[in-house]
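# Structural features, examined
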Amino acid sequence: QVQLVESGGGLVSPGGSLRLSCAASGGTFSRYTMGWFRQAPGKERQFVAVISWMSGVRDYADSVKGRFTISRDNAKSTVYLQMNSLKPEDTAVYYCAASRKPSSTVAASGGVDYWGQGTQVTVSS
């Protein structure tokens, strides 16, 4: 059983930056594909970014390409999401996800084995 704990959310002005962290415990972190998803009020949870277990593959939703960067530190069992040039439409609860499936499956919003509890990101002036 893998536990995921997100941190780093908060209120930021448009154009600002935030870095989310997700600390994992209870499993062999380096063997999991890790991802970030988000859910805005009244909308379904959607894929944001994914990184393969050795960081060789990274993929992003079109809406965040060029602004967000996913990375991981296997020694610290932590995955990060650096978010730059934030827009009001990025406002959502952001969830960390762990999967035994390939990154392509996670990017298609499938095969997630474990979810974090979520962290709120609000982009507003």
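Refer to the preceding data block for the structure.
Structure report, in brief. (Residues numbered from 1 in each chain as written. Predicted model: local features only at pLDDT ≥ 70, side-chain atom pairs only at ≥ 80, totals over all residues. Heavy atoms only, no water.)

### Some points on the pattern of salt bridges
- A full pass over the atoms with the stated rule returns 4 salt bridges.
- With a shortest N-O distance of 2.9 Å, Asp90 and Arg38 are connected by a salt bridge. Of this pair, Asp90 sits in the loop between β8 (78-83) and β9 (92-99) while Arg38 is found in strand β4 (residues 33-39), placing the two residues 52 residues apart along the sequence.
- The exposure class of Arg38 is buried, given its relative accessible area of 6%.
- The residue Lys65 makes a salt bridge to Asp62 at a minimum N-O spacing of 3.3 Å.
- Among the residues examined, Lys65 registers a relative accessible area of 46% and is labelled partly exposed. (Salt bridge = Lys/Arg side-chain N within 4 Å of Asp/Glu carboxyl O. Helix = DSSP H or I, 4+ residues; strand = E, 2+ residues; numbered from the N terminus. Buried < 20%, exposed > 50% of the residue type's maximum accessible area, 1.4 Å probe, protein only.)

### Looking at the packing of aromatic side chains
- On inspection of all chains with the given rule, the structure shows 4 aromatic pairs.
- A ring pair is formed by Tyr32 and Tyr114, whose centres lie 6.1 Å apart and whose planes are at 70°; its orientation type is edge-to-face. Taken together, the residues span a long stretch of sequence, with Tyr32 in the loop between β3 (18-25) and β4 and Tyr114 in strand β10 (residues 114-115) at a distance of 82 residues.
- An angle of 70° between the planes, with centres 5.0 Å apart, marks the rings of Phe37 and Trp115 as edge-to-face. Taken together, the positions of Phe37 in strand β4 and Trp115 in strand β10 put the pair 78 residues apart, joining distant regions of the chain.
- The rings of Phe37, Phe47, Tyr95 and Trp115 are connected pair by pair, giving a single aromatic cluster.
- Here the basic side chain of Arg45 rests over the ring of Trp115, its NZ or CZ set 4.2 Å away from the ring centre.
- We note Arg72 situated over the ring of Phe29; from NZ or CZ to the ring centre the distance is 4.5 Å. (Phe/Tyr/Trp six-rings, centres within 6.5 Å; stacked < 30°, edge-to-face > 60°. Lys NZ or Arg CZ within 6 Å of the ring centre and 35° of its normal.)

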